[in-house]
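# Examining the three-dimensional arrangement
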Amino acid sequence: MNLFSGILSFQSKDLNKSIEQMKMATQKFKPKNKLELREANLFLENLSLTNQFNKEDKSQHLIYSENDCWIVSNSRIDNKEELIELLNIPLNDELSDNAILLKMYVEFGNEFVKKIEGDWTLAIWNQSQQEILIARDQLGTSALYYRLTDAYIAFSTYIGGLLEIDSQTIKIDEIYLAGILTTWDTQSNRTAFENIKFLPPAHYALIKNGKLSLHRYWIAEDTQEIHLDSAREYVERFSDKLEQSVKNRIRYSQNLGSQLSSGFDSSTITTVAAEFFKKDKKRLTAFTSIPKENTSDYFPTHIATDESYLSIPTAQFLGNVDHVLVRSENQSILKNIHDSIELHHSPLHAAGNMFWIHQIYLEAQAKEIDTMIIGQSGNATISWAGYPEGLQIKSLIKRILGYKSQEKFTPISYVKYLIVEIKNKWSSNPTPDWNTYSFINTQFAQDLNLFSKMKEMGHDPSFSNSIQNKKGHINFINPKYSKIGALWQDLAYCYQISTYDPSNDKRLVEYILSVPNEYYQRENTNKWLLKTAMKGRLLDDLIHQTRKGRQATDLAIRIQSEATEFKELLKSFRSNSAIQYYIDCQKMETYLDRIIENPRKKDAYNDAIFLTRGISCALFINKYHGGIV
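Quick caveat, the model's predicted, so the values are computed rather than measured.

A few words on the sheet that holds strand E13 (residues 256-259). Taking strand neighbours across the sheet as the criterion, the five strands line up as E16-E14-E13-E17-E20 in an open arrangement whose pairing is parallel. What marks the edges here is a single partner per strand, and that holds for strand E16 (321-326) and strand E20 (498-500). Across this sheet, the average inter-strand angle for adjacent strands is 25°, counted without regard to direction. Across the face of the sheet, helix H12 (residues 354-366) comes into contact with E13, strand E14 (284-289), E16, strand E17 (371-373) and E20 while running at roughly 155° to E14.

Pasting the structure below:
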């Protein structure tokens, strides 16, 4: 696992100060090996953070040179044999990923990226062309950022390094901030800072003569539906794609960990990994987050508040899985939000979940886990349920009858819901939908013309639209702008544990998109393709479950236990004019008071999720408004 950075100056400017500033942020991860290249106008650095891939961790492989070109990468290539055959060179186990990637670039030009499978990011400096190419994988657990000015282009797989360069010019991106506050994916390559951009999945960028051009090289929307001879063939191909995806991501691991919930995705990934390890008489460790006390009394019956009810029997069923229940007793919610902002340099949508995620990594680190597998994207791939006909009509009927998701409104809440709906229908100034789930300040939203911007970008702040077709499915996967992998890459850097998501494999995604919709809802069975493929491999209780697992169900209780610290923090927000402008601080205080009053009431969980998200945004504003000081 590598972290690389670089700067190319467009002017005769001394880069030393900028280089040292960037290195300050990346050296904190304490690399095992490192190598750098300094030319008159160019700097490249590659840091190896683990000793997992022995030949890649030798410092001479971290920056590879050939044909007047230099490459740095953070890569796990899954189709090396195919690439070596394309290059028509002898198979050589000592050939590094960097060598293969650069040879592909020299042989096939910029479009070589279309041929690479795996989780990877890279940068190539072409000396003769005076051109830099930066590129990243289609969907993997990875990230690459860049900062372009008239004077230079700087890039890094860790955004922190780019913030240190010319830090006085750092400015918060208000659209991005509004997106976090209102749960709006802006469908763009924005980051939390105006000056820094995110290289989207399946893109490469060329930088030459001070200009940058973006190129998309893989388009999920072009995936064609396939028609096989039998239902069994669809199942067999699904199994093959799934198994290969998991195998590719665990093949180097000596001490494997997985995040195991009660859901289909993590259970399926853990199961397939355990099957591979069992053949080699190896064990893996599965980590399950559970509440520190029983919380089932204030959730609907269809919600599983403690996911150990299925994760424990799953681990026992597999036989070669050491199971760790993670209660996170000693985690402070506020400290964790602070630490997460320091690591990710961004407000977080799921700030209320970070305490248990960090605790899992802490316990994995203590057990010397070298690789962690997750199923973050599985709802859109592995356990995709299809899009039933007539879904919009069913959804409308349920709303009329007073249902929200699977939960029925109370008579009082239903009346309130109807009043708001009627007022918004006839009002020239309707109440924004986000008022019920966001702490965004009304003035900030108006100044930003937020509702119009959402409408222009096709976002529905009421979240009432269901996925109706393949286009909706693709938007759910979000192959053009997904930022999910960035958070996991930061965690991998922080804990030096390589982290992969088999459910986000490009070949698996292509297959899922190619299967006709009828094979996801078949024989009166939801998720038919997955359930058929995993029959006998997953617990029957898991396959037939009707409950939906949820993490951090004790979040409100934890907030109550830190009530004094929360109150003092929110009180401090009153004296910060920037926070006051962006966020409705009075509303946050109201939510905190009712959580503290009764953390077990019906709405306390959602209140806690919204509150931690708002606090994450406020602390981010406090840190970065006006630049880094």
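Once you've had a look at it, read on.
A few words on the packing of aromatic side chains. Counted under the stated rule, the structure contains 21 aromatic pairs. Aromatic side chains Tyr519 and Trp528 sit 6.1 Å apart centroid to centroid with 50° between the ring planes, which places their arrangement in the tilted category. We note that Tyr519, like Trp528, is buried. Aromatic ring contacts, followed pair by pair, group Phe29, Tyr158 and Tyr493 into a single cluster. Between the NZ or CZ atom of Lys282 and the centre of the ring of Phe277, over which it lies, the distance is 4.2 Å. Positioned above the aromatic ring of Phe198 is the side chain of Lys483, whose terminal nitrogen or guanidinium carbon lies 5.4 Å from the ring centre.

Turning next to the nonpolar core. In terms of nonpolar packing, the biggest core is built from 105 residues, with Phe193, Leu450, Phe573, Ile583, Met588, Leu611 and Ile615 touching the most fellow members. At 13 residues, helix H26 (residues 604-624) tops the list of elements feeding residues into this core. Every residue in contact with Ile615, bar those within four places of it in the chain, is listed here: Leu334, Ile337, Phe566, Leu569, Leu570, Phe573 and Met588. With 42 residues, the next largest nonpolar core counts Leu228, Tyr234, Ile373 and Leu529 among its residues.

Let us now look at helix H9 (residues 264-279). Its 16 residues place the ends of H9 23 Å apart at the C-alpha level, agreeing with the 22 Å of an ideal helix rising 1.5 Å per residue. Of all 16 residues in H9, 13 are buried, a share of seventy percent or more. Just beyond H9, the residue with positive phi is Lys281, at close to 55°.

This part takes up the pairing of strand E12 (residues 211-216). Consecutive side chains along a regular strand alternate between the two faces of the sheet. Strand direction decides the pairing type here: strand E11 (residues 203-208) and E12, joined by six bridges, are antiparallel. Paired with Tyr204 across the bridge in E12 is His215. The turn linking E11 back onto E12 is made up of two residues, and Asn209 within it adopts a positive phi angle of 55°.

In contact at an axis separation of 10 Å, helix H23 (residues 563-573) and helix H25 (residues 585-597) are set at 170° when each is read in the N-to-C sense. One finds that H23 runs roughly antiparallel with respect to H25. Between H23 and H25, the contacting residues are Ala563, Phe566, Lys567, Leu570, Lys571 and Phe573 on the first element and Cys585, Met588, Glu589, Leu592, Asp593 and Ile596 on the second. Taken together, the residues that form the contact of H23 with H25 break down as eight nonpolar, no polar and four charged.

Now for unusual backbone geometry. The backbone of Glu368 shows a phi angle near 60°, a positive value even though the residue is not glycine. Position of Glu368 relative to the elements: it lies in the loop between H12 and E17. A relative accessible area of 64% places Glu368 in the exposed class. Backbone geometry places Asn478, a non-glycine residue, at a positive phi of 55°. Tracing the backbone shows Asn478 in the loop between helix H17 (470-477) and helix H18 (484-495).

Within the structure shown, the criterion is met by five cavities of 30 Å³ or more. The space that makes up the largest cavity amounts to roughly 150 Å³. Those elements that place two or more of their residues in the lining of the largest cavity are strand E5 (69-77), H18 and E20.

Mapped onto the elements, Asn504 comes out in the loop between E20 and helix H19 (506-514). Within polar-contact distance, the side chain of Asn504 engages the backbone oxygen of Leu139 at 2.7 Å. Leaving out residues up to four positions away in the same chain, Asn504 has contacts with Leu139, Ser377 and Val509.

This brings us to the pairing of E5. Counting buried residues along E5, nine of its nine residues qualify, which places the element largely inside the surrounding structure. Side-chain alternation along E5 places Cys69, Ile71, Ser73, Ser75 and Ile77 on one buried face and Trp70, Val72, Asn74 and Arg76 on a second face that is also buried. As paired strands, strand E4 (residues 64-66) and E5 are joined by three bridges and run antiparallel to one another. Across the sheet, residue Glu66 finds its bridge partner in E5, namely Cys69. Of the strand pairs in this sheet, E5 and strand E6 (residues 118-126) are connected by nine bridges, and their pairing is antiparallel. Note that in E6 the partner of Trp70 across the bridge is Trp125.

Rules and cut-offs
Residues numbered from 1 in each chain as written. Predicted model: local features only at pLDDT ≥ 70, side-chain atom pairs only at ≥ 80, totals over all residues. Heavy atoms only, no water. Pairing = 2+ DSSP bridges. Helix = DSSP H or I, 4+ residues; strand = E, 2+ residues; numbered from the N terminus. Axes fitted to C-alpha atoms, helices over the stretch in contact; angles between N-to-C directions. Contact = heavy atoms within 4.5 Å. Phe/Tyr/Trp six-rings, centres within 6.5 Å; stacked < 30°, edge-to-face > 60°. Buried < 20%, exposed > 50% of the residue type's maximum accessible area, 1.4 Å probe, protein only. Lys NZ or Arg CZ within 6 Å of the ring centre and 35° of its normal. Core = buried A, V, L, I, M, F, W, Y, C linked by side-chain atoms within 4.5 Å. Expected span 1.5 Å × (residues − 1). Parallel < 35°, antiparallel > 145°, perpendicular 65-115°, else oblique. Nonpolar A, V, L, I, M, F, W, Y, C, P; charged D, E, K, R; others polar. 1 Å grid on protein atoms, 1.4 Å probe; cavity = no way out; pocket = protein on both sides within 12 Å on 5 of 7 lines; lining within 4 Å. Points joined across faces, edges and corners; volume = space filled by probe spheres on them. Polar contact = N/O pair within 3.5 Å; in protein donor to acceptor, adjacent residues only side chain to side chain.

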